[in-house]
Amino acid sequence: MRATETQATQAPQAAAWLTRYFLILAGLGLFGLLVLAPYAAWWLHASGDAAVERAVAAQGSGRFALFGSGVSQDFVDYKLRLYAAIKPDIAAVGSSRVMQFRGAWFRKPFCNMGGVAGNLAVLRSTVDAMLRIHKPGAVILGLDFWWFLPQWEAEPFKEVPPTSGSYNYGFSSLKKPWQWLLEGKISPRELAAPLLGLFGAGFREDRFGIMAQQTDDGFGPDGSWYATAEATGQKLPLDFQFRDTLAQVAQGSKAFYRARPGQDGPSEAHLDAFAEIWCRLRSRGVKTFVFIAPLSPRVLEAMRKTPGAWPHLFRLREALASRGIDALDCTDAAGFASGDCEFIDGFHGGEVSYARILRRMADRWPALLPYVDMEKLDAVISGWAGHVIVPDSRLTPLPETDFMRLGCPKRTPGDVPPGSEAGAPRKDRP
């Protein structure tokens, strides 16, 4: 009898609790729909993160503006739009390892298409997409040695799209600002920036995307990448003292897959695939200059201890030559007077390192000389040896630091006469 009475009492209470629960849930959902989501959309627009068109328009107008999105790293669409706006006479194409070529080093319009290709199949489709938009007079192709290993990509002739066709904005993007706030990636003040903008204290107009807004990381008007946050010490390096890259070398992981038994060089199929891309450009009358992208000296030294693990790197240049492709092998940074102090991480050289590479390319191939401003290259190399970025007041007032703690001498404009070589760490530090 008592149990029946208790059940009779609890039933209405449970029903009331469930009612309150669903009412609160519905209220939160309505609040999110009417307040949080619209504010997030406003925030993404105001920060420039959801503004590829505005970024390209600003950069195409000649303004120095940066585009560094936090929402999506699928920036092929952005690069193709920028390419269409610039219609360059010369372009650099490849992975992120060509992103440091600057437009200021060229006498003719230049567009950096670095980051558009992660393998040979995507390189082909992106080159095709570029040629449908505009045919440049010359192209610099940067090669990653792991492109020539079947473990990285099994089908180099596979037809793939160059881009998804959008910048991957969607309903899920509306969660980003709130998610970043909870994760501490943005501050309450940054979240309130659109409101502060009503009083003139919001986001900067020449920065598009939260990365560009926060740390001046992003793509410049020529499509090249500015790794400002790490170089100026605003954030810790992801590859501090190349430890992550060296771990990949030791483990044979990611881009540093080791060759399988019986693999004694680059894959024949992958060499054929690249040769087909190279011929495709040249048959259209595009001067094509090829280089193999560099490694930091520490990383290369580690790989040389087991050269048999990477025959697709150490025999790549001669394999390309056997197909009639003259490639400049820049694997060894010391070979062009660069060093660890000029590297962003274990396999991404910085701005000065790539100035040296372009200088060597122009020395080797006279057909490149009409495009290249040799005096500017020489000024960069002699004035900022040992640095990752060249100071630019339009970018940041912050000087470069010894962000890797390698004992690299760094300077600010005017405190050291240009011309001293500083491409190697000091030996009195670890």
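Up top is the structure these notes are about.
Residues numbered from 1 in each chain as written. Predicted model: local features only at pLDDT ≥ 70, side-chain atom pairs only at ≥ 80, totals over all residues. Heavy atoms only, no water.

Asker: Help me out: how do you make sense of helix α4 (residues 120–133) in this one?
Answerer: Residues separated by three or four positions in an α-helix point in the same direction, a consequence of the helix having 3.6 residues per turn. The end-to-end C-alpha distance of α4, which contains 14 residues, comes to 20 Å, matching closely the 20 Å that a straight helix rising 1.5 Å per residue would cover. A large share of α4 lies buried, amounting to 11 of its 14 residues. Burial in α4 covers these residues: L120, A121, V122, L123, R124, S125, T126, V127, A129, M130 and L131. Buried residues along α4 sit against α3 (76–86), β2 (90–94), β3 (110–114), β4 (138–143) and α11 (268–283). (Helix = DSSP H or I, 4+ residues; strand = E, 2+ residues; numbered from the N terminus. Expected span 1.5 Å × (residues − 1). Buried < 20%, exposed > 50% of the residue type's maximum accessible area, 1.4 Å probe, protein only. Contact = heavy atoms within 4.5 Å.)

Asker: Just to check I follow, could you spell out the packing of aromatic side chains for this structure?
Answerer: Both the distance between ring centres and the angle between the ring planes are used here to describe each pair of aromatic rings. Counted according to the given criterion, the structure contains 24 aromatic pairs. Ring geometry for F67 versus Y78: centroids 4.7 Å apart, planes at 45 degrees, classification tilted. Of the two residues, F67 is situated in strand β1 (residues 66–67) and Y78 in helix α3; the sequence distance between them amounts to 11 residues. For the pair F67 and Y78, one class covers both residues: buried. Aromatic pair W146 and F347: ring centres 5.8 Å apart, planes at 85 degrees, arrangement edge-to-face. A residue pair is termed long-range when its members are at least 10 positions apart, and W146 in the loop between β4 and α5 (176–183) and F347 in the loop between β10 (343–345) and β11 (348–349) qualify at 201 residues. Residue classification places W146 among the buried residues on the basis of a relative accessible area of 6%. (Phe/Tyr/Trp six-rings, centres within 6.5 Å; stacked < 30°, edge-to-face > 60°.)

Asker: Which parts of the structure should I look at to understand the packing of α3 against α4?
Answerer: Angle between the axes and distance between the axes are the two parameters that describe a pair of packed helices. Running from amino to carboxyl end, α3 crosses α4 at an angle of 30 degrees, the nearest separation of the two axes being 10 Å. Here α3 is positioned roughly parallel relative to α4, judged by the angle of their axes. Read as a crossing pair, α3 and α4 show a hand that is right-handed. Along the contact surface, α3 presents L80, Y83 and A84, while α4 presents A129, M130 and I133. When the residues that make up the contact of α3 with α4 are grouped by side-chain class, the tally is 6 nonpolar, no polar and no charged. (Axes fitted to C-alpha atoms, helices over the stretch in contact; angles between N-to-C directions. Parallel < 35°, antiparallel > 145°, perpendicular 65-115°, else oblique. Left-handed = near helix turned anticlockwise from the far one by under 90°. Nonpolar A, V, L, I, M, F, W, Y, C, P; charged D, E, K, R; others polar.)

Asker: I'm lost on the state of the cysteines in this one. Help?
Answerer: Here a disulfide denotes one covalent bond, and it connects the sulfur atoms of two cysteines. Using the criterion set out here, one finds 1 disulfide in the structure. Shown here is the disulfide that connects C341 with C408, its sulfur atoms set 2.2 Å apart. The S-S bond linking C341 to C408 shows a torsion near -90 degrees; that makes this disulfide left-handed. Of this pair, C341 sits in the loop between β9 (327–329) and β10 while C408 sits in the segment after α16 (374–383), placing them 67 residues apart in sequence. An identical accessibility class is assigned to C341 and C408; each is buried. (Disulfide = S-S within 2.5 Å.)

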